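Chains, contacts and geometry: an overview
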Amino acid sequence: MGIGGNHYSSDATAAFGAGVDAMLDTNFTRLTDEQVVAMLREVEADKRRFVAVEHRLLVEIEQRRIPEKAEARSTTQYLATILRLSHAEAAARVNAAKLLGPRLIGGEELEPLLAHTAAAQAAGEISVDHAWRIAKILKRLPMHVDAIQAEAVEQQLADYARTGWPDDLPKIGDRILAFLDPDGILVQDKDRQRMRELIIGKQRVDGMSAIRGEITPELRALLDPVLAKLARPGMCNPEDAQSPWTTGDSIGDGIDPEVLQGCVKRDLRSAGQRNHDAVLALLRPEMGPAHLGQHRGMPVSTVVTMTVAELETAAGVAVTASGGRVSIEEALKLAQKSIPWLAVLNHTGIPLYLGRGKRMTGTGTAVTGTVPRMANPAQRIALIAAERGCTRPGCDAPATMCQVHHVTEWAKGGPTDIDNLTLACDACHARVHDGPGGWKTVKLDQDSKYAGRTGWIAPAHIDPSGVAQVNHRHHEKEALAESAAKIRARTERESRRHREWLARRACSGGAQSDGPDAGGSAGSQTVPAAGPKAGPQAGPDGGLGAGLEV
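Please read these numbers as outputs of a predicted model, since none were measured by experiment.

Quick notes on the overall build of the protein chain
Scanning the protein chain from N- to C-terminus turns up 18 helices and 15 strands. Burial status across the protein chain gives 39% buried among its 550 residues. Just so you have it, the protein chain exposes about 31,700 Å², and 56% of that area is on carbon and sulfur atoms.

In structure tokens:
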């Protein structure tokens, strides 16, 4: 590797280059499916770790004032020049190094500003996107949050990111901010009203017009269900003469499902193009908001979920069926202008029983009443409130994109009762079958940590254990509790090791070496920490210390 006119190659970079050369020369067609996936994961982990190396190099460049010596205006400009990067990418790398690289002060190396995030990245467990989203969330913390609380938030976000998805971090951050700032001190409704705007630019020579702006949570909550129906693949497609532009639902309310399915296969539009065509359909005279019909068995309307505690205190955020967030005050204003729906949930968030008749029992007992196959609107409301979206682990499809699935299949005698129903998006619903590679769904029993929730059992080639898993992606509080539990367990392990070391030291009259993992000489007085760090520790309720309980 050449640097300037001198050819310099360290052992580490040479080994790295040799490894890349070897992989480039590898014939991947000879590998099994499992080997290809394993290599992809290993390469991804190494790429993530190598970013941490770059952070250290950029810190060194700044510390040595190399850009200044090269007469560059800034480190960003210098980096863009020597590496041929865009200004935006160079700036992003420099900013990331400031947050995630070590700090050199007076010749002493201190830990990064975002120490937990940096450690997770150096371990190859989180991506650049994870780290960027964590930094963005921390930037939104209210000014009154002290350093200990801020570090606690960063630790919890980093711990979640080790096993979670970048797309879910903003929701986790919103949940944390709602606890830190429940009354909207940071951003109040009047601030959002001040920022709202929708600007339609001048019509260009080609006839097109640009639109830009920011919409309020209230407008977003009203717009999402409209787009969920009219912007679905196959709907409102001007390039397809058979594409429906009228009211109805794909399950039989005016639209032939087979016709719609054919339209879906022919639909090549992007998501943005579908949104455009949906708004166009909404504004057509024969359509309009009053003629939207149904979407997946329910009227096209906004469904907002909040807890009893949030309702009583009028603080926090409510969740829409599309996964959006609105303040409790805005949600109550929406409810005042609509026909109310009531979904009764128990204290664990599971819908109370909403049965619809009885089926033939396994012993042949006659059924009484009607035998419905489709869930009624009240059951759909209860599922939306409790599950919020597709229940297959890892899927982030909101409730507006889901159909109601029988956990025990209808064809196998499964009733259309609320305790046998769950939400599944079209793609995940198709994965449930008895053939090879099929998934299974079950309701978790009372002994489970998530009693009453829907568990999905993956096929053996994905998860040989056959253990049913639940989806946490629509339940930020659960994800926070999981990461808090990991922090608490780690803290307890370190505290136990510290107590054991103190006991051994007392028995030996103080001549004990320094700590359970010490490699130092006998008689050293270095005392191991009584936990990961003083300050941010998980509380007994699964929350964080320093007054932050999530």
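Here's the deal with the pattern of salt bridges
Applying the stated criterion across every chain, the model contains 19 salt bridges. Between R473 and D168 there is a salt bridge, with the nearest N and O atoms lying 2.5 Å from each other. Placement of the pair is R473 in the loop between β15 (454-457) and α18 (476-507) and D168 in the loop between α8 (147-161) and α9 (169-180), with a sequence separation of 305 residues. A relative accessible area of 7% places R473 in the buried class. Residue D224 pairs with R220 through a salt bridge whose shortest N-O separation is 2.8 Å. Here the residue D224 and the residue R220 both occupy positions in helix α11 (residues 217-230), the gap between them amounting to 4 residues, near one helical turn. For D224, a relative accessible area of 11% corresponds to the buried category. Each of the salt bridges in this network shares a partner with another, and the network as a whole consists of E44, K47 and R48.

Concerning the nonpolar core
L138, V153, L157, L169 and I176 are the most contacted members of the largest nonpolar core, which totals 22 residues. Going through the elements one at a time, α6 (115-122), α7 (128-139), α8 and α9 are the ones with two or more residues in this core. Counting residues in each nonpolar core, the second largest holds 20 residues, with C402, I418, C425 and C428 among its members.

Topic: the environment of A382
Summarising the element assignment, A382 is placed in helix α16 (residues 377-387). Residue classification places A382 among the buried residues on the basis of a relative accessible area of 1%. Taking the C-alpha atoms as reference, A382 lies 8.1 Å from I418; in sequence the two are 36 residues apart.

Focus on helix α4 (residues 75-83)
An α-helical turn contains 3.6 residues, so any two residues separated by three or four positions project in the same direction. Listed as buried for α4 are T75, T76, Y78, L79 and A80. On its buried face, α4 is in contact with α2 (33-63), α3 (66-69) and α5 (87-100). Downstream of α4 by one or two residues, R84 has phi in the positive range, about 55°.

Concerning the packing of α6 against α8
Closest axis-to-axis distance for the α6/α8 pair is 8 Å, and the angle between their directions is 20°. Comparing the axis directions of α6 and α8 gives the class roughly parallel. Each of A115, H116 and T117 in α6 lies in contact with α8, whose residues at this interface are E151, E154, Q155 and A158. By residue class, the composition of the contact of α6 with α8 is 2 nonpolar, 3 polar and 2 charged.

Details of a nonpolar patch on the surface
Taken together, the side chains of L198, I200, I211, I215 and L219 make up a nonpolar region of the molecular surface, amounting to roughly 510 Å² of accessible area. Tracing the chain through its elements places I211 in strand β6 (residues 211-214).

Some thoughts on α7
A rise of 1.5 Å per residue sets the reference length of α7, with its 12 residues, at 16 Å; its end C-alpha atoms lie 17 Å apart and thus fit the reference within 8%. Within α7, the full set of buried residues consists of H130, A131, R133, I134, A135, I137 and L138. Packing partners of the buried residues in α7 comprise α5, α6, α8 and α9.

Remarks on the packing of α7 against α9
The contact between α7 and α9 brings their axes to 10 Å, and the two run at 25°. Relative to α9, α7 is oriented roughly parallel. Remark: the crossing between α7 and α9 carries right-handed chirality. Side by side, α7 and α9 meet where H130, R133, I134 and I137 of the first sit next to L169, P170 and G173 of the second. Of the residues assigned to the contact of α7 with α9, the class counts are 4 nonpolar, 2 polar and 1 charged.

Looking at the environment of R269
Within the secondary structure layout, R269 lies in the loop between α12 (257-266) and α13 (271-283). Separated by 30 residues in the primary sequence, R269 and E239 have C-alpha atoms spaced 9.4 Å apart. For R269, the residues in contact, after removing those within four places along its chain, are R232, G234, M235, C236, N237, P238, R274 and D277. A polar contact of 2.7 Å, which involves the side chain of R269, links it to the backbone oxygen of M235. Looking at R269, its side chain comes within polar contact range of the side chain of D277, at 2.8 Å.

Focus on unusual backbone geometry
Within the chain, R65 stands out as a residue other than glycine whose phi angle is a positive 60°. Along the chain, R65 turns up in the loop between α2 and α3. A residue is classified by how much of its surface remains accessible, and R65, at 53% relative accessible area, is exposed.

Details of the packing of aromatic side chains
Throughout the structure, instances matching the rule amount to 2 aromatic pairs. Each ring, one from F16 and one from F50, has its centre 4.3 Å from the other, and the planes form 10°; the classification is stacked. A residue pair is termed long-range when its members are at least 10 positions apart, and F16 in helix α1 (residues 11-24) and F50 in helix α2 qualify at 34 residues. Looking at F16, the relative accessible area reads 40%, which means it is partly exposed. For F50, a relative accessible area of 38% translates into the label partly exposed. With centroids separated by 6.2 Å and ring planes inclined at 65°, the aromatic side chains of W439 and W456 adopt a geometry described as edge-to-face. Taken as a pair, W439 in the loop between α17 (426-429) and β14 (440-443) and W456 in strand β15 lie far apart in primary sequence, 17 residues in all.

Focus on the confidence of the model for the protein chain
On average, residues of the protein chain carry a pLDDT of 76, and 70% of them reach 70 or more. Per-element confidence in the protein chain ranges from a low mean pLDDT of 40 for strand β1 (residues 2-3) to a high of 95 for α6. Ignoring residues within four places in sequence, the model shows residues 351-370, a span with pLDDT below 50, making 42 contacts including any to other chains. Within the model, pLDDT remains below 50 along residues 518-550, and this stretch shows 80 contacts once partners closer than five positions in the same chain are excluded.

What counts and what doesn't
Within each chain, residues carry numbers counting from 1 in the order of the written sequence. Only residues with pLDDT of at least 70 get local features here, since the model is predicted, and only at 80 or more are side-chain atom pairs given and counted; chain-wide, interface and lining totals rely on the full set of residues. To obtain the side-chain values, all non-hydrogen atoms of the structure were used and water was disregarded. Every helix listed is a DSSP run of H or I at least four residues long, and every strand listed is a run of E at least two residues long, numbered separately from the N terminus. The cut-offs for exposure are 20% and 50% of the maximum accessible area for each residue type, with area from a 1.4 Å probe on protein chains only; residues under the lower value are buried, those over the upper are exposed, and the others partly exposed. Note that accessible areas follow from Shrake-Rupley with a 1.4 Å probe, and for residues the cover is restricted to the protein chains shown. What counts as a salt bridge is simple: a side-chain nitrogen of Lys or Arg found within 4 Å of a carboxyl oxygen of Asp or Glu. By convention a nonpolar core is built from buried Ala, Val, Leu, Ile, Met, Phe, Trp, Tyr and Cys residues, the set being connected through side-chain atoms within 4.5 Å. Note on contacts: a residue pair is in contact if any heavy atoms of the two residues lie within 4.5 Å. Comment: axis = line fitted to C-alpha atoms, over the contacting stretch for helices; angle = value between 0 and 180 degrees taken between N-to-C directions. In what follows, roughly perpendicular refers to angles from 65 to 115 degrees, roughly parallel to angles under 35, roughly antiparallel to angles over 145, and oblique to any angle outside these ranges. Three residue categories are used. Nonpolar comprises Ala, Val, Leu, Ile, Met, Phe, Trp, Tyr, Cys and Pro, charged comprises Asp, Glu, Lys and Arg, and polar comprises the others, including Gly. Patch building starts from residues that exceed 30% relative accessible area and form no salt bridge, then joins like charges within 9 Å and nonpolar side chains (Val, Leu, Ile, Met, Phe, Trp, Tyr) within 5 Å. Any helix carries an expected span of 1.5 Å times its number of residues minus one. Here is the rule for handedness: rotate from the far helix to the near one, and if that takes an anticlockwise turn smaller than a right angle the crossing is left-handed, while a clockwise turn gives right-handed. Polar contact is defined as a pair of N or O atoms within 3.5 Å, subject to the rule that within protein one atom must be able to donate a hydrogen and the other to accept it, and that residues adjacent in sequence are counted only when both atoms are side-chain atoms. We call Phe, Tyr and Trp rings a pair once their centres come within 6.5 Å, taking the six-membered ring for Trp, and we label the pair stacked below 30 degrees between planes, edge-to-face above 60, and tilted otherwise. A residue's pLDDT is simply how confident the predictor is in it, with values from 0 to 100.

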